[in-house]
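Understanding the architecture of this molecule
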Amino acid sequence: SELNPEQREYLSLVKVSAESLMKIISDILDISKIQAGKLVLHPKEFWLRDVVNNTIDEFANAAREKNLGFTCQIDPEIPDVMLGDPVCLRQVLIKLLGNAIKFTAAGEVAVSVKAAPGNSDRLHFGVRDTGIGVTADKRHMIFEPFSQVDGSARREFGGTGLGLAISAQLVEMMGGDIWVVSDGRNGSTFHFTARVAAVQEAADSAPNGAEGAALPLATEANPARRIRSASEESRRCVGADHKEEEC
């Protein structure tokens, strides 16, 4: 039979609670595996733009529901095909994007990808938001397990305080660094680097349809889908191998 409004509300609360519990369990399992040395990298060739764009797509609805601007800029000089662990890279992006949208009530979230200065084998990722910010005395502790900006953040936004700790460990495994820049009032930018290698024959192995495929830009009716390269000419990679190994 059809549910009445009260039953729908209860069912919605059960769903939200179940999802929160699953996330808590997942975070605890992840940090436990990392600390026990049970997680290892699985390097393989992957399409960088495909990994980044697909990860961003997962948060488009959440950004749209909060009426947030949502952009991505990938340096067009970065090769399409890289050698590294796309699953671990994606996990870090998911943690940072999830936090950025959760802690941002108005404004925008922006992702950037470029080559790390002076390191041809490293990429530099940035996730900028216009949220609550991080004060100077909290910038280092937030990367420790079970740490959050403050107690009120835990009460208002929920979460385990493990996301950034997991991200820091994964970034370290990928030979990179992670840090945050914030004045404590006007949002934050989380940066991280990851060691990867460019695959030179990328142009010869491009999947059908990837060459010249334009990224969809934002429209007034769909501001959360603003995904573009620094020169507005970055390509969406399609047809990549989506089979993922556990990081």
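Our subject is the structure listed above.
The rules behind these values
- Residues numbered from 1 in each chain as written.
- Predicted model: local features only at pLDDT ≥ 70, side-chain atom pairs only at ≥ 80, totals over all residues.
- Heavy atoms only, no water.
- Core = buried A, V, L, I, M, F, W, Y, C linked by side-chain atoms within 4.5 Å.
- Buried < 20%, exposed > 50% of the residue type's maximum accessible area, 1.4 Å probe, protein only.
- Helix = DSSP H or I, 4+ residues; strand = E, 2+ residues; numbered from the N terminus.
- Contact = heavy atoms within 4.5 Å.
- Pairing = 2+ DSSP bridges.
- Axes fitted to C-alpha atoms, helices over the stretch in contact; angles between N-to-C directions.

Now for the nonpolar core. Counting residues in hydrophobic clusters, the biggest one holds 45 residues, and the most contacted among them are Leu 48, Val 52, Phe 125 and Phe 192. For this core, the secondary-structure elements that each account for two or more residues are α2 (48-57), β2 (69-74), α4 (86-102), β4 (108-115), β5 (122-129), α6 (163-173), β6 (178-182) and β7 (188-195). Ranked by residues supplied to this core, first place goes to α4 with 8 residues. In this structure Val 52 touches Cys 72, Ile 74, Leu 93, Val 113 and Phe 125, once residues within four positions along its chain are discounted.

Bringing the sheet that holds β4 into the picture now. Picture the strands of a sheet paired through backbone hydrogen bonds; they go either parallel or antiparallel. Reading across from one edge, β2-β4-β5-β7-β6 is the order of the 5 strands in this open sheet, with mixed pairing throughout. Here the strands that pair on one side only, and so sit at the sheet edges, are β2 and β6. Adjacent strand axes in the sheet meet at a mean angle of 15 degrees, parallel and antiparallel pairs treated alike. α2 rests against β2, β4 and β5 of the sheet, and its axis sits at about 175 degrees to β2.

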